[in-house]
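Now for the letters of each chain:
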Amino acid sequence: MKIVLDDLLLTKDMPTTAGSRMLAGYRSLFDAEVIARLQAAGHTVAGKAAVGEFGFDLLGETSADGALIANGALQNAAAKSVKARKADAAICMDVNGYPRRAAAQSGLISLKPTYGTVSRFGTIPVACSGETVSILAASVADCREVLRAVVGHDDKDGTSLPASDCDRVLQGADTVRKVAVLDVFGGDLSKAEQILTENGVDVCHVDGKIFAAARAAWNILMSAELCNNVSRYDGVKYGYRAQNFTGIDELYTNSRTEAFGDLLKTVILFGSETLSTDNYMKVYDKALRVRRVIKEAFEALFAEYDAVLLPAVSAMTYAPDTVDPFVENGYTAPASITGLPAVVAGGVQVIGNAFSENVLLHIAQLLS
Amino acid sequence: MDREILRHLEMLNQLQLTEEQKEAALAFFAAREQDNALLDTIDTENVERMVHVMPIMTVVREDVVKQTFTREALQQDAPETDEGYWCVPRVVE
């Protein structure tokens, strides 16, 4: 298969920019681990796709190369490549849900595997505690084939799960008996519900109010982690350096100010504020505790249900500058903050228990 | 959030915002503060923090040299180098 990589994955033979002017022309000394695994399985890298700056926007519109827009709607570069059959699948970093939004709006399949089952070695770190290497493909079969190639333990990734856990991703049962619809997110899921019901799945509605808090908590954790991770970009060791400065402080400040985009600067400041002495306990620490509450709420649901159904997007297109990525991510944040696997198919999202990728792909097959 | 705190955050993060960017940042902060109020409705009194979503086994490994790079390779993306050193403006007067 021909695979396109988003520009948050390090590549030795091509530049890696993370969509930022800060890394324009940057060349890594090594490839991301997933590239070696794809090549070992006989797949080839077809090229790279632009991402929004550090991958946390809607679809890539904050890229230093500018937004992709067609017919007045934002487009995503990786999804466009797969949709146009220039690549069979894409490997994307799901930091804040963009691959899932792109899949929902493009009629593609997106799989965000269980956190820790696909190596993040050689990916540009943004929000390490929740970001996941994910797959975007035109069919469930293609998605499964790419998953088979990339899943597995990696000694080089400190958050990689043991091989025995990674194996569960490929070997788990695919039985689906009961699915819960999370009413708190609204949206018209009737078509998906009908398909599941026709295939013998018991579909029940639950309130799921607690999951609405995932967005606020993930925005805090993601921003704090991003703030720390981009502090390394100082214009000294690598990356953009301003032309005009009189001392070391001006070198740092001018380089970061000139290279970083507007949204990124704002998020850095927000992340920094959440970690300040005044806010650490009441904001950052609170978000970490809410993460556990949400994870436990999912565990309670999965004691009864095989998966949960919710929207992936609020609309099937986004006009530029009309949708706030820090609000729209309310649909993707529950899986991001908990590390649970999620699939998007038929324009809707399904979240499963850890290591239940086979259940999710089975549901995706029904929905697509 | 006010302009004074924003200026302090800019200084801490080595950033300088334009007036327009400051307005946008203040609006962003105001929206997030509203979001954060939702978190206060959740009782976390006896809940432990969850830093890692999956159990981390260990990051300790044998101290064995594996992949290495030459100094020249490590400096290939540096903005300015001189005889193997990274160049910065004078920091000691």
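Predicted model only: the values in this text are computed from it and were never measured.

**Describing the overall build of chain B**
Okay, so step 1: From N to C terminus, chain B includes three helices and two strands.
Okay, so step 2: Taken over the C-alpha trace, chain B has a radius of gyration of 23 Å; the compact-globule value for 93 residues is 12 Å, which it surpasses by more than 25%.
Okay, so step 3: Reported as C-alpha extents along the three principal axes, the dimensions of chain B are approximately 55 × 45 × 25 Å.
Okay, so step 4: Per-residue burial for chain B yields a buried fraction of 31% across its 93 residues.
Okay, so step 5: Per element, the accessible surface of chain B, about 7200 Å² overall, is 50% carbon and sulfur.
Okay, so step 6: If the 9 positive side-chain charges of chain B are averaged to one point and the 20 negative ones to another, these points end up 3 Å apart.

**Comments concerning the overall build of chain A**
Okay, so step 1: Assigned secondary structure in chain A consists of 13 helices and twelve strands.
Okay, so step 2: At 20 Å, chain A has a C-alpha radius of gyration in line with the 21 Å of a compact globule built from 368 residues.
Okay, so step 3: A principal-axis box enclosing the C-alpha atoms of chain A has dimensions of 70 × 50 × 45 Å.
Okay, so step 4: Across the 368 residues that make up chain A, the buried fraction comes to 64%.
Okay, so step 5: Sequence-distant contacts, at least 24 apart, represent 72% of the contacts inside chain A between residues at least 6 apart.

**Some remarks on a nonpolar patch on the surface**
Okay, so step 1: Taken together, the side chains of B:Phe69, B:Leu74 and B:Trp86 make up a nonpolar region of the molecular surface, amounting to roughly 270 Å² of accessible area.
Okay, so step 2: On the basis of relative accessible area, B:Phe69 is assigned to the partly exposed category, the value being 32%.

**Remarks on the side chain of A:Thr266**
Okay, so step 1: Relative to the helices and strands, A:Thr266 resides in helix H9 (residues 262–274).
Okay, so step 2: Overall, the relative accessible area of 7% leaves A:Thr266 in the buried class.
Okay, so step 3: The residues contacting A:Thr266, other than those within four sequence positions of it, are B:Ala25, B:Phe28 and B:Phe29.

**Brief notes about the layout of surface pockets**
Okay, so step 1: One number sums up the size of the largest pocket: a volume of about 550 Å³.
Okay, so step 2: In terms of lining residues, the largest pocket is bounded by 22 residues, among which A:Thr62, A:Leu263, A:Asp321, A:Val323 and A:Pro325 are the most central.
Okay, so step 3: At the level of secondary structure, the elements contributing two or more residues to the lining of the largest pocket comprise H9 and helix H11 (325–328) of chain A together with helix H2 (19–40) of chain B.
Okay, so step 4: Top element by residues in the lining of the largest pocket is H2(B). It accounts for five residues.
Okay, so step 5: Per-class residue counts for the lining of the largest pocket are 13 nonpolar, three polar and six charged.
Okay, so step 6: Size it by volume and the second largest pocket reaches roughly 300 Å³.
Okay, so step 7: Along its surface, the second largest pocket is lined by 17 residues, and A:Asp188, A:Leu189, A:Gly346, A:Gly347 and A:Val348 are the ones closest to its centre.
Okay, so step 8: Tallying contributions element by element places helix H6 (residues 190–198) of chain A first for the lining of the second largest pocket, with three residues.
Okay, so step 9: Among the residues making up the lining of the second largest pocket, the classes are represented as ten nonpolar, five polar and two charged.

**Quick look at the packing of helix H7 (residues 214–229) of chain A against H2(B)**
Okay, so step 1: One can describe the packing of H7(A) onto H2(B) by two numbers: an axis separation of 8 Å at closest approach and a directional angle of 120°. By the angle between their axes, H7(A) is oblique relative to H2(B). The two elements H7(A) and H2(B) meet at a crossing, and its hand is left-handed. Touching A:Arg215, A:Ala216, A:Ala217, A:Asn219 and A:Ile220 of H7(A) are B:Arg32, B:Asp35, B:Asn36 and B:Leu39, all from H2(B).
Okay, so step 2: Partitioned by chemical class, the residues of the contact of H7(A) with H2(B) number four nonpolar, two polar and three charged.

**Points about the pairing of strand S12 (residues 348–352) of chain A**
Residue and element names in this part refer to chain A.
Okay, so step 1: A large share of S12 lies buried, amounting to five of its five residues.
Okay, so step 2: The two faces of S12 match: Val348, Val350 and Gly352 on one face and Gln349 and Ile351 on the other face are all buried.
Okay, so step 3: As paired strands, strand S10 (residues 307–311) and S12 are joined by five bridges and run antiparallel to one another. Considered in S12, the bridge of Val308 is made with Ile351.

**A few points about helix H4 (residues 140–150) of chain A**
Okay, so step 1: When we look at burial in H4(A), the residues that qualify are A:Val140, A:Asp142, A:Cys143, A:Val146, A:Leu147, A:Ala149 and A:Val150.
Okay, so step 2: Phi turns positive one or two residues past the end of H4(A), at A:Gly152, with a value near 145°.

**As for the interface of chain B and chain A**
Okay, so step 1: Contacts between the two partners involve 49 residues from chain B and, on the opposite side, 68 residues from chain A.
Okay, so step 2: For the interface between chain B and chain A, the tally reads four salt bridges.
Okay, so step 3: For the salt bridge of A:Arg241 with B:Glu80, the shortest nitrogen-to-oxygen distance reads 3.1 Å.
Okay, so step 4: Across the chain B-chain A interface, the total number found is 23 residue pairs in polar contact (both at pLDDT 80 or more).
Okay, so step 5: Elements with a contribution of two residues or more to the side of chain B that touches chain A: helix H1 (3–12), H2 and helix H3 (71–74) of chain B.
Okay, so step 6: Ranked by residue count, the leading element in the side of chain B that touches chain A is H2(B), at ten residues.

**Here's the deal with the pattern of salt bridges**
All names here are of chain A.
Okay, so step 1: This structure, assessed with the given rule, holds 18 salt bridges over all chains.
Okay, so step 2: Between Arg100 and Asp94 there is a salt bridge, with its nearest N and O atoms 2.8 Å apart.
Okay, so step 3: Owing to a relative accessible area of 0%, Asp94 belongs among the buried residues under this scheme.
Okay, so step 4: With a shortest N-O distance of 3.1 Å, Lys178 and Glu304 are connected by a salt bridge. Taken together, the positions of Lys178 in strand S8 (residues 178–182) and Glu304 in the loop between helix H10 (280–302) and S10 put the pair 126 residues apart, joining distant regions of the chain.
Okay, so step 5: By sharing partners, the salt bridges in this structure join Glu33, Arg37, Asp154 and Lys156 into a single network.

**Side note on the confidence of the model for chain B**
The predicted coordinates ought not to be read in detail in places where the model reports low pLDDT.
Okay, so step 1: Across chain B, pLDDT averages 92, with 98% of residues at or above 70.
Okay, so step 2: The ipTM assigned to the predicted complex is 0.94, against a pTM of 0.97.

**Some points on the side chain of A:Ser63**
Okay, so step 1: The topology assignment puts A:Ser63 in the loop between strand S2 (44–49) and strand S3 (68–70).
Okay, so step 2: From its side chain, A:Ser63 meets the backbone nitrogen of A:Asp65 in a polar contact 3.0 Å long.

About the criteria used
Residues numbered from 1 in each chain as written. Chains lettered and ligands numbered in written order. Predicted model: local features only at pLDDT ≥ 70, side-chain atom pairs only at ≥ 80, totals over all residues. Heavy atoms only, no water. Helix = DSSP H or I, 4+ residues; strand = E, 2+ residues; numbered from the N terminus. Rg over C-alpha atoms; globule rule 2.2 N^0.38 Å. Buried < 20%, exposed > 50% of the residue type's maximum accessible area, 1.4 Å probe, protein only. Areas by Shrake-Rupley, 256 points an atom, 1.4 Å probe, with all protein chains shown as cover. Lys, Arg positive; Asp, Glu negative; His and termini not counted. Charge placed at Lys NZ, Arg CZ, Asp CG, Glu CD. Contact = heavy atoms within 4.5 Å. Patch = residues over 30% accessible without salt bridge, like charges linked within 9 Å, V, L, I, M, F, W, Y side chains within 5 Å. Salt bridge = Lys/Arg side-chain N within 4 Å of Asp/Glu carboxyl O. 1 Å grid on protein atoms, 1.4 Å probe; cavity = no way out; pocket = protein on both sides within 12 Å on 5 of 7 lines; lining within 4 Å. Points joined across faces, edges and corners; volume = space filled by probe spheres on them. Nonpolar A, V, L, I, M, F, W, Y, C, P; charged D, E, K, R; others polar. Axes fitted to C-alpha atoms, helices over the stretch in contact; angles between N-to-C directions. Parallel < 35°, antiparallel > 145°, perpendicular 65-115°, else oblique. Left-handed = near helix turned anticlockwise from the far one by under 90°. Pairing = 2+ DSSP bridges. Polar contact = N/O pair within 3.5 Å; in protein donor to acceptor, adjacent residues only side chain to side chain. pLDDT = per-residue confidence, 0-100.

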